[in-house]
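# A closer look at the structure
Next come the chains, spelled out residue by residue.
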Amino acid sequence: MLEKTRFFLGVAVAVASAIPVYAGEWSERAEVRGRRGAVVTYRAKVDGDTLIVEASHDKGWHTYAMDNVQRAQKKSGKEKPETEFPTVISVAGGLSVEGNWRQTKPKELSQDVIQWYTWGFEGKAYFAAKIKRSGDAPARITINGQACNATSCSMVDGIVITLTLKEGDGTGTSMFDLTDLLEITKPSKP
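Described in the following lines is the structure provided in the data block. (Residues numbered from 1 in each chain as written. Predicted model: local features only at pLDDT ≥ 70, side-chain atom pairs only at ≥ 80, totals over all residues. Heavy atoms only, no water.)

### Focus: the overall build of the protein chain
Along the protein chain, the regular secondary structure elements total two helices and 13 strands. Within the protein chain, contacts between residues separated by at least 24 positions form 68% of all contacts whose residues are at least 6 apart in sequence. (Helix = DSSP H or I, 4+ residues; strand = E, 2+ residues; numbered from the N terminus. Contact = heavy atoms within 4.5 Å.)

### Some remarks on the pattern of salt bridges
Opposite charge on two side chains permits pairing when their charged atoms draw close. For the coordinates displayed, the defined rule picks out 11 salt bridges. A salt bridge links Glu54 to Lys124, with the shortest nitrogen-to-oxygen separation between them at 3.9 Å. With a gap of 70 residues between them, Glu54 in strand β3 (residues 50–57) and Lys124 in strand β10 (residues 124–133) connect regions that are remote in the sequence. What makes Lys124 partly exposed here is its relative accessible area of 47%. One salt bridge connects Glu122 with Lys107, and the closest N-O pair in it is separated by 3.2 Å. (Salt bridge = Lys/Arg side-chain N within 4 Å of Asp/Glu carboxyl O. Buried < 20%, exposed > 50% of the residue type's maximum accessible area, 1.4 Å probe, protein only.)

### Remarks on the state of the cysteines
Taken as a whole and assessed by the stated rule, the structure comprises one disulfide. Here Cys148 is linked by a disulfide to Cys153, with a sulfur-sulfur distance of 2.0 Å. Judged by the sign of its S-S torsion, about 105 degrees, the bond between Cys148 and Cys153 is right-handed. The buried category is assigned to Cys148, whose relative accessible area is 2%. Judged by its relative accessible area of 44%, Cys153 falls in the partly exposed class. (Disulfide = S-S within 2.5 Å.)

### Quick look at the pairing of strand β7 (residues 101–104)
Sheet topology note: the β7/strand β13 (residues 181–184) ladder contains four bridges and is antiparallel. Directly across from Thr104, in β13, lies its bridge partner Leu181. Pairing geometry for β7 and β10, over two bridges, is antiparallel. In the sheet register, Gln103 faces β10, and the bridge partner there is Phe127. (Pairing = 2+ DSSP bridges.)

### Observations regarding unusual backbone geometry
Notably, Gln115 is not glycine yet its phi reads approximately 55 degrees, a positive angle. Relative to the helices and strands, Gln115 resides in the loop between β8 (107–108) and β9 (119–121).

### Things to note about the packing of aromatic side chains
Taken as a whole and judged by the stated rule, the model has two aromatic pairs. Summarising the aromatic geometry, the rings of Phe121 and Phe127 are spaced 5.3 Å apart at their centres and angled 90 degrees between planes, so their arrangement reads as edge-to-face. With respect to burial, Phe121 and Phe127 carry one shared label: buried. The interplanar angle of 55 degrees and the centroid separation of 5.7 Å between the aromatic rings of Tyr126 and Phe176 together place this pair among those described as tilted. Taken as a pair, Tyr126 in strand β10 and Phe176 in the loop between β12 (153–163) and β13 lie far apart in primary sequence, 50 residues in all. For the residue pair Tyr126 and Phe176, the accessibility class agrees, reading buried in each case. The ring centre of Trp26 lies 5.4 Å from the NZ or CZ of Lys45, which sits over that ring. (Phe/Tyr/Trp six-rings, centres within 6.5 Å; stacked < 30°, edge-to-face > 60°. Lys NZ or Arg CZ within 6 Å of the ring centre and 35° of its normal.)

### Concerning the environment of Asp58
By the secondary structure assignment, Asp58 is in the loop between β3 and β4 (62–64). Overall, Asp58 belongs to the partly exposed group, its relative accessible area being 41%. Between the C-alpha atom of Asp58 and that of Thr41, which follows or precedes it by 17 residues, the distance is 8.2 Å. With residues near it in sequence (within four places) discarded, Asp58 still touches Ala38 and Val39.

### Here we look at the nonpolar core
Counting 34 residues, the largest nonpolar core has Tyr42, Leu51, Val53, Ile141 and Ile143 as the members making the most contacts within it. Among the secondary structure elements, those contributing two or more residues to this core are β1 (30–34), β2 (37–47), β3, β9, β10, β11 (139–148) and β12. Per-element tally for this core: the top contributor is β2, with five residues. Residue contacts for Val53: discarding those within four places in its chain leaves Tyr42, Arg43, Ala44, Ile89, Trp101, Ala125, Tyr126, Phe127, Ile141 and Ile143. (Core = buried A, V, L, I, M, F, W, Y, C linked by side-chain atoms within 4.5 Å.)

Shown next, in the form of structure tokens:
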């Protein structure tokens, strides 16, 4: 009996320690669908003074960096490089963004041979920004961009996540670790 109790206690500790520090109440998921189902899903939450948006990509699919155009400009030397639409996130309602967005470090997806330069995300990616409470209305997060796989693309066109704000949202210190995210000083516009 004691061994069984120790085993279950060990399993409980292992499961609890595997939960990320930033786990908490996430919004409902918002899906971008292609012909064969979801290609990327988004959800969001407020953690202290930070808004966090998570993108979960279906296998083989990717979306593009918030600064995709600036990266392509730098690499190609062109003012208007041909590249995929960047991820654009806007916030309205009871929250406003204070400062710059941060994003997961994007993977280079460029094809130098054809001079096509682009950066994006596969699997899970995070976007975060410091926020300020601007009222009691629910926060409205709108996401635009483009999701592609090896053979097709789907537009991320006005995907909306609504967050009902609770007392204390927009204040305090975030538990989310921002150190692994890259700061975007000038996000791209589609």
